[in-house]
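# Results of the structural survey
Residue strings, one per chain:
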Amino acid sequence: MSKEKAIREDQVEILEYNFTRISKNPDSATLDLIAAEAGLSVEEVLEWFKKRLGEWRKSEGLPSESRSVRD
């Protein structure tokens, strides 16, 4: 049985809002707040942000795992 649980649509809306309007790379305090608001663990939020950032970078024509624009 997988440990990964499905993220609900309302949780995705909270995550997307924070990704697009607040920060694509939130600090630990912001991750804590997002996790509390969405009812997810910090680890789940962090994993979602990592995946979403990779998708965003790819859509922008950037390497999905690059750490800076200069890489």
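Residues numbered from 1 in each chain as written. Predicted model: local features only at pLDDT ≥ 70, side-chain atom pairs only at ≥ 80, totals over all residues. Heavy atoms only, no water.

This structure, assessed with the given rule, holds 3 aromatic pairs. Here the aromatic rings of Trp48 and Phe49 are separated by 5.3 Å at their centres, their planes lie at 75 degrees, and the arrangement is edge-to-face. The residues Trp48 and Phe49 share a single accessibility class, namely buried. Every member of this aromatic cluster is reached through a ring pair, and the members are Phe19, Trp48 and Phe49. Over the aromatic face of Phe19 sits the side chain of Lys24, whose NZ or CZ is 4.9 Å from the ring centroid. Here the basic side chain of Lys24 rests over the ring of Trp56, its NZ or CZ set 5.1 Å away from the ring centre. (Phe/Tyr/Trp six-rings, centres within 6.5 Å; stacked < 30°, edge-to-face > 60°. Buried < 20%, exposed > 50% of the residue type's maximum accessible area, 1.4 Å probe, protein only. Lys NZ or Arg CZ within 6 Å of the ring centre and 35° of its normal.)

Turning our eyes to something else, we now look at the side chain of Gln11. Turning to its location among the elements, Gln11 is positioned in helix α1 (residues 9–22). When residues no more than four places from it in sequence are discounted, the contact partners of Gln11 are Ala6, Ala38, Gly39 and Leu40. (Helix = DSSP H or I, 4+ residues; strand = E, 2+ residues; numbered from the N terminus. Contact = heavy atoms within 4.5 Å.)

Of all hydrophobic cores here, the largest spans 11 residues; its members are Ile14, Leu15, Phe19, Leu31, Ile34, Ala35, Ala38, Leu40, Val45, Trp48 and Phe49. Listing elements by their share of this core, those giving two or more residues are α1, α2 (28–38) and α3 (42–59). Ranked by the residues each element gives to this core, the list is headed by α2, at 4 residues. Excluding residues within four positions of it along the chain, Leu40 makes contact with Lys5, Ile7, Gln11, Leu15, Ala35 and Val45. (Core = buried A, V, L, I, M, F, W, Y, C linked by side-chain atoms within 4.5 Å.)

Interpretation in functional terms is not warranted from these geometric data alone.
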